[in-house]
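Take a look at the letters that make up each chain.
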Amino acid sequence: MAHLSLSYCNQKSNGSNERVADMVIKRYSMERAMTKYIYFTLFLILMGCSSNQKNDNLIPSTLSHAVSSLINTLSVDDLSKITNGSEDELAQLHHGFGTGLRNSWGLWSNSVLAKWFNQKGIYHADDMSGIIITSLYRELNDLPWKLNEQIEYYQVYWEQEKQYEEKEALQKIVRANKRKAAMLGWKWVSNEATEVMLPLQPKFKDVWGLEPYDGGFIVIIKGWRKEFKTVWHDGVYFIDSLSQQLKPISLKNCPEIHDVVVKNETAHWLCKEEGRGWSITSTNPSIESIKRKINNPPNTDWLRLGKSKKGLLVISPEAIYEEHSGQLSAIYKAPSATRKYPYFDHDGSGQENEDEYFFPHRSATPIEYDGAIYFQVENTGNGTDLYRLQLTKENLESADEIFINDYIGRWSINISDIALKDDVLWIGTPTEGTLVKLSKGNEIKIASIFNHLTHVDELDTENPSNWKTFLPTGAITFVEDTMYLASTNGLAKVKSGNITPLVYFTYPDGMNRTPYTSSPQYGFHIKPQRLGVFKDESFIIGDRHDGVYMLMKRKHGYEFYIPSVDKHYYDIQ
C-alpha cells in the first residue's frame with residue numbers, strides 16, 4: 001500500500017475528502033485485495049490533504065503530541081487492531097500506515113515534528129515513523145516507551161551502515177584494481193560481420209548438454225520442474241547438419257538412458273535396467289560398443305555421470321567415484337546422506353527437516369578440475385548457479401565466492417556455460433556478459449565484465465551504444481586452438497586474443513533490438529548456453545529456454561534453421 005500517498009491530494013480540487021477516499025479505494029481495489037490496515041492509511045492521507053492545503057498546524061510538534069493525536073483520532077477498531085497485535089508485527093505497518101505518517105506529517109520535508117526528531121539524533125523519516133508506531137503500541141498496552149533505547153537502536157544501525165559503506169568504498173577500489181590487473185586484453189579484429197535475422201522462437205525445452213558425436217551432436221534437453229524425478233533430463237536426441245532433425249536416441253539394451261557424456265569421440269551411456277541395476281555402455285561409431293556393470297554404489301534412485309581428466313565420474317547421492325573399466329574408486333564421500341550445505345539442489349520439497357541428497361541431481365554435466373568438482377545447478381528462478389566442491393577441503397563454494405565478490409561486487413550473476421580446455425576452465429554468463437578464465441591454483445583472469453573489454457574504476461552497467469562491440473559470453477566451445485562464443489547479440493571466434501565477429505543477431509524491421517530483455521520481444525529472442533560447430537562450419541546453438549537453433553553456413557553467409565523432432569529413432573548399437 002505504499003503507493004497510497006499524498007499524490008491523491010493533488011487530485012482534489014473541488015469536493016470533499018470522502019471523494020478522495022473513494023478514488024483511492026477504487027484504484028487500490030483494482031490492483032489487489034484490501035489489507036486490514038487500509039483505514040489507517042486512508043485516515044492519514046486525508047489528514048495530510050488537510051494539512052497540506054490549509055496549514056501545518058495539524059502536524060504534531062513532539063512525539064508525545066504525535067501519539068496523543070493518533071489515539072484521539074483513530075477509530076476504536078483501528079486502535080484495537082494495533083493494541084492486540086504483537087510488537088514483532090509492527091513492521092507490517094511500515095508501508096501503508098507508516099507511509100501515511102511520513103507523508104502526512106512532513107517527516108521527509110523538515111516539518112516541526114521532523115525537527116524534533118533531529119534534535120534527538122534521528123534524521124531518517126523511516127526511523128521517525130518507526131519510533132512513532134512503536135511508542136503508540138507501547139502506550140496502548142501500558143508499556144514504557146523506552147525512547148532512549150529506541151533512539152540508540154537506530155543510531156547504532158546507521159553507525160554500522162556508515163562503517164560498512166566505508167569498507168565497501170575501499171573494497172570497490174580493491175576490486176577495480178583486481179579487474180584491471182586481471183584483464184586479458186583481448187582486441188576486436190573488426191566489427192564487420194554477417195547480420196542474421198532472428199527466427200520466431202521454437203517451442204521446445206532448455207538444452208543442457210551438447211556433445212559432439214558421429215559427425216553431429218547428442219542433444220540433452222531438460223524442462224524446469226517442481227518435483228523430483230530419478231532421470232534428471234527430459235530427452236536425449238541426435239542431430240547432424242545433413243538431416244537437420246532431432247532424432248530421439250535408442251540405445252540397445254538400455255530402455256532408460258539416465259545420463260550420457262562424450263570423451264574423445266566415445267559416448268558413455270548410463271543405464272538402469274529393471275532387476276539388473278546400473279551399467280555403463282561405451283559406444284563409438286568406428287569400434288564395437290562395450291558394456292560394463294556398475295556394482296560399487298549401493299542401490300540408489302539416481303546416479304550421474306561427469307567428466308574428469310583421468311576418466312569418468314560417477315556421482316551418487318553420498319559419494320563421487322572415478323570409473324575405470326567398471327571399477328569405481330571413491331574420490332569423495334559425503335559426511336552423511338543428508339546434505340549439510342545450503343539448499344542448492346531444488347529437487348526436494350524444501351522442508352528443512354527432510355533428508356536431502358548431498359550432491360546436485362539436476363545439473364549440467366559435472367566437471368572435475370584442479371581437485372574440485374564444478375556443478376552447474378538449476379535454481380528456483382529458472383536460472384543456473386555455479387558451485388565448486390573442493391574434494392580435499394569438504395567445502396562448497398558458489399560463483400560469488402569463486403570470483404564475483406572479489407572482482408565484481410554485490411551482483412546477482414547466473415552461469416550459462418563452463419568449458420575445459422588445456423587445463424583452463426572458462427566460465428560464461430548469459431545476459432550479464434561476463435567471461436572468466438580460471439587456471440590451476442584458482443588464478444582468475446577476465447576477458448569481459450558486462451561485455452566491456454576495458455574498464456574504468458566504476459562498473460558501468462549501462463549498455464554501450466554500439467552493441468556490435470559486445471563480447472558474446474553465453475555459450476563456449478573449442479575447435480582445436482580456436483574458441484567460439486555465442487550470446488544474445490551474436491557469435492564470434494577468438495584466437496590468440498583476437499576477436500573476430502562471425503554473425504550478428506538482429507530483430508525484424510520495425511522492432512527495437514533489445515538483446516538484454518528478460519522476456520522475448522514479440523517471440524524473437526535467443527539466449528545461448530551451449531554451442532557446437534559442424535565440420536561444414538555451421539553452428540548448433542542450445543538455448544536457455546527454447547531448444548535448438550541451427551545457424552547454417554550458406555554461400556553468402558548464414559541463416560537460421562529451426563529443427564523439428566523426427567519420429568524416427570537414431571539407433572545406437
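Treat the numbers as computed from the prediction; the structure is a model and nothing was measured.

Caption draft 1: Inspection of the overall build of the protein chain at higher detail. Looking only at helices and strands, one finds nine helices and 31 strands in the protein chain. Put simply, 55% of the contacts in the protein chain that link residues at least 6 apart link residues at least 24 apart. About 27,800 Å² of surface is accessible on the protein chain, with carbon and sulfur atoms providing 47% of the total.

Caption draft 2: How the structure looks around unusual backbone geometry. One non-glycine residue, Asp 422, lies in positive phi territory at about 55°. Looking at the element boundaries, Asp 422 is found in the loop between β19 (417-421) and β20 (424-428). Positive phi values are uncommon outside glycine, yet Ser 496 reaches one of about 55°. Along the polypeptide, Ser 496 turns up in the loop between β25 (490-495) and β26 (498-506). With a relative accessible area of 71%, Ser 496 lands in the exposed category.

Caption draft 3: Region of the structure containing the sheet that holds strand β30 (residues 557-561). Judged by pairing direction, the sheet is antiparallel, and its four strands sit side by side in the order β27-β28-β29-β30 without closing on themselves. Strand pairing shows two members of the sheet lacking a second neighbour, β27 (528-533) and β30, which therefore form its edges. Across the sheet, the mean angle separating the axes of adjacent strands is 20° when strand polarity is ignored. Pairing of strand β29 (residues 548-554) with β30, which is carried by five bridges, proceeds in the antiparallel orientation. Counterpart to Arg 554 in the pairing with β30 is Gly 557.

Caption draft 4: Representation of the state of the cysteines in the model. If you walk through the whole model with that rule in mind, you get one disulfide. Through a disulfide, Cys 254 is tied to Cys 271; the S-S separation comes to 2.0 Å. Residues Cys 254 and Cys 271 are joined through a disulfide that is left-handed, its torsion about the S-S bond being -110°. One end of the pair, Cys 254, is in the loop between β6 (247-251) and β7 (257-263); the other, Cys 271, is in strand β8 (residues 266-273), with 17 residues separating them in the sequence. Of the two residues, Cys 254 and Cys 271, both sit in the buried class.

Caption draft 5: Local environment of the nonpolar core. Counting 29 residues, the largest nonpolar core has Leu 63, Leu 70, Phe 97, Trp 105, Leu 113, Phe 117 and Ile 132 as its most contacted members. Per element, the largest residue contribution to this core is seven residues, and it comes from helix α7 (residues 125-140).

Caption draft 6: Structural view of the pairing of strand β22 (residues 443-448). Pairing between strand β21 (residues 435-439) and β22: five bridges, direction antiparallel. Residue pairing across strands places Lys 437 opposite Lys 445, the latter belonging to β22. The loop that links β21 with its antiparallel partner β22 comprises three residues; one of these, Gly 441, has a positive phi angle of about 80°.

Caption draft 7: Geometry of the environment of Tyr 569. Tracing the backbone through its elements, the reader meets Tyr 569 in the loop between β30 and β31 (570-572). Sequence separation between Tyr 569 and Tyr 237 is 332 residues, and the spatial gap between their C-alpha atoms is 8.6 Å.

Caption draft 8: Structural detail: the packing of aromatic side chains. Within the structure shown, the criterion is met by 13 aromatic pairs. Taking the centre distance of 5.2 Å and the plane angle of 85° together, the rings of Phe 217 and Phe 534 count as edge-to-face. Within this pair, whereas Phe 217 is found in strand β4 (residues 216-222), its partner Phe 534 is found in the loop between β27 and β28 (539-543), the two being separated by 317 residues in sequence. Each member of the pair, Phe 217 as well as Phe 534, is classed as buried. Pairing Phe 238 with Tyr 570 gives two aromatic rings, centres 3.9 Å apart and planes at 10°, and the pair type is stacked. Highlighted residues: Phe 238 in strand β5 (residues 236-239) and Tyr 570 in strand β31, separated in sequence by 332 residues. A relative accessible area of 3% means that Phe 238 is categorised as buried. A cation over a ring is seen here: Lys 222 above Trp 208, with NZ or CZ 4.5 Å from the ring centre.

Caption draft 9: Quick peek at helix α8 (residues 147-182). Over its 36 residues, α8 runs 52 Å from end to end, which matches the ideal 52 Å to within 8%, given 1.5 Å per residue. For α8, the set of buried residues is Gln 150, Ile 151, Tyr 154, Glu 168, Arg 175, Ala 176, Arg 179 and Ala 182. Where the residues of α8 are buried, they touch α7, α9 (399-407) and β22.

Caption draft 10: Broad picture of the sheet that holds β31. The five strands are arranged β3-β4-β5-β6-β31 in an open sheet whose pairing can be described as mixed. Among the strands making up the open sheet, the edge pair consists of β3 (206-213) and β31. Averaged over all neighbouring strand pairs, the angle between strand axes comes to 35°, with direction disregarded. The pairing of β3 with β4 spans seven bridges and is antiparallel. Within β4, the position partnered with Asp 206 by the bridge is Lys 222.

Caption draft 11: Spatial organisation of the pairing of strand β13 (residues 319-324). The element β13 is extensively covered by neighbouring structure, given that five of its six residues are classed as buried. By the bridge criterion, four bridges tie strand β12 (residues 312-315) to β13 in an arrangement that is antiparallel. Paired with Leu 312 across the strands is Glu 323, a residue of β13. Linking β12 back to β13 in an antiparallel pair, the connection comprises three residues. Of the pairings in the sheet, the one linking β13 to strand β14 (residues 327-333) comprises six bridges and is antiparallel in character. Bridge pairing in β14 links Ile 320 to Tyr 332. The turn joining β13 and β14, which pair antiparallel and follow one another in sequence, is formed by two residues; a positive phi near 50° is taken by Ser 325.

How each quantity is defined
- Residues numbered from 1 in each chain as written.
- Predicted model: local features only at pLDDT ≥ 70, side-chain atom pairs only at ≥ 80, totals over all residues.
- Heavy atoms only, no water.
- Helix = DSSP H or I, 4+ residues; strand = E, 2+ residues; numbered from the N terminus.
- Contact = heavy atoms within 4.5 Å.
- Areas by Shrake-Rupley, 256 points an atom, 1.4 Å probe, with all protein chains shown as cover.
- Buried < 20%, exposed > 50% of the residue type's maximum accessible area, 1.4 Å probe, protein only.
- Pairing = 2+ DSSP bridges.
- Axes fitted to C-alpha atoms, helices over the stretch in contact; angles between N-to-C directions.
- Disulfide = S-S within 2.5 Å.
- Core = buried A, V, L, I, M, F, W, Y, C linked by side-chain atoms within 4.5 Å.
- Phe/Tyr/Trp six-rings, centres within 6.5 Å; stacked < 30°, edge-to-face > 60°.
- Lys NZ or Arg CZ within 6 Å of the ring centre and 35° of its normal.
- Expected span 1.5 Å × (residues − 1).

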